[in-house]
Amino acid sequence: MIPTRDEKEKLYADAAMRIQGLLSGETDLVARMAGMVSILHGAMPHFFWTGFYRVVGDELVIGPYQGTPGCSRIARGRGVCGTAWEQGAIQVVADVHAFPGHIACDPRSESEIVVPVRDCRGEVIAVLDVDSAEKAAFDETDQRWLEQILCF
Ligand code: SME
């Protein structure tokens, strides 16, 4: 089920507060990723797969995630995640089947949002990848909240 815009606002506001509480004082990157994924995945009804891919050398390597087993490694520029990394730009894909080179880790995935994560120098160090089992599940509300939560 895709929440309405108003429902998304409430769900994200509540999740953001819980994430801030959980991560307060935690500096380890993987621990922070795991906490964010756990809360977001449980809170948002339209999230089917929620996880991080970390930049390791010239590839993305899977990090903390919730959902069915994801692909372990993605090359720069490949699929939605590799494109978000290469372009340093958020990707909102309403229909993954229409995205050239989309990597289908789970055939039930229909739409997707990928948000780059940057270090303090502005380098992309990871991407947050969220998939939905419904088409066009993500919009400007998801984009704005996910970008904000990644800054915590
Ligand atoms: N959909 C991604 C691949 C990762 S999985 O969906 C977990 C992509 O095309 O980048």
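Residues numbered from 1 in each chain as written. Predicted model: local features only at pLDDT ≥ 70, side-chain atom pairs only at ≥ 80, totals over all residues. Heavy atoms only, no water.

Looking at an unreviewed UniProt entry, one finds the protein named GAF domain-containing protein and attributed to Haloferula rosea. Quoted verbatim from the Sequence similarities (unreviewed entry) field of UniProt, the annotation for the protein is "Belongs to the free Met sulfoxide reductase family." (UniProt positions renumbered as here; feature names shortened; annotations may be inferred.)

### Things to note about the site of the ligand
Surrounding the ligand, one finds Trp49, Tyr53, Ile74, Gly79, Val80, Cys81, His102, Ile103, Cys105, Glu112, Asp129 and Asp131. Histidine 102 is positioned with one of its side-chain polar atoms (N or O) 3.4 Å from a nitrogen atom of the ligand. One nitrogen or oxygen atom from the main chain of isoleucine 103 is found 3.0 Å from an oxygen atom belonging to the ligand. Protein burial of the ligand: of its 300 Å² of free accessible surface, 98% is covered by the chains. In terms of residues, the shell around the ligand owes the most to one element, helix H3 (residues 79–87), which gives three residues. Taken together, the residues of the shell around the ligand break down into seven nonpolar, two polar and three charged. (Near = heavy atom within 4 Å. Polar contact = N/O pair within 3.5 Å; in protein donor to acceptor, adjacent residues only side chain to side chain. Areas by Shrake-Rupley, 256 points an atom, 1.4 Å probe, with all protein chains shown as cover. Helix = DSSP H or I, 4+ residues; strand = E, 2+ residues; numbered from the N terminus. Nonpolar A, V, L, I, M, F, W, Y, C, P; charged D, E, K, R; others polar.)

### Notes on the UniProt feature "domain: GAF" (unreviewed entry) in the protein
UniProt records the feature "domain: GAF" (unreviewed entry) for residues 68–149 in the present numbering. Along residues 68–149 one finds 23% helix and 28% strand; the C-alpha atoms at either end are 23 Å apart.

### Examining the pairing of strand E5 (residues 111–118)
Burial of E5 is extensive: seven of the eight residues sit out of reach of the surface. Relative to strand E6 (residues 124–132), E5 runs antiparallel, the two being bridged by eight bridges. Following the sheet pairing, valine 114 is matched in E6 by aspartate 129. Counted along the chain from E5 to the antiparallel partner E6, the turn is five residues long, and its residue glycine 122 has a positive phi close to 90 degrees. (Buried < 20%, exposed > 50% of the residue type's maximum accessible area, 1.4 Å probe, protein only. Pairing = 2+ DSSP bridges.)

### Observations concerning the environment of glycine 57
Here glycine 57 is to be found in the loop between strand E1 (49–56) and strand E2 (59–66). Residue classification places glycine 57 among the exposed residues on the basis of a relative accessible area of 69%. Residues glycine 57 and arginine 76, spaced 19 residues apart in sequence, show a C-alpha to C-alpha distance of 9.8 Å.

### A short note on the side chain of aspartate 106
With respect to the helices and strands, aspartate 106 occurs in the loop between strand E4 (91–93) and E5. At a separation of 2.9 Å, a polar atom in the side chain of aspartate 106 contacts the side chain of arginine 108.

### Brief notes about the pairing of E6
Most of E6 sits inside the fold, with eight of its nine residues counted as buried. Note: E1 against E6, six bridges, orientation antiparallel. Within the sheet, the bridge partner assigned to threonine 50 lies in E6 and is valine 130.

### Some details on the environment of glycine 82
Of note, glycine 82 is situated in helix H3. Residue glycine 82 is classed as buried on the basis of its relative accessible area of 0%. In this structure the C-alpha to C-alpha distance between glycine 82 and glutamate 9, which are 73 residues apart in sequence, comes to 28 Å. Glycine 82 has contacts with Leu60, Ile74, Ala75, Arg76 and Gly77, leaving out every residue within four places of it along the chain. (Contact = heavy atoms within 4.5 Å.)

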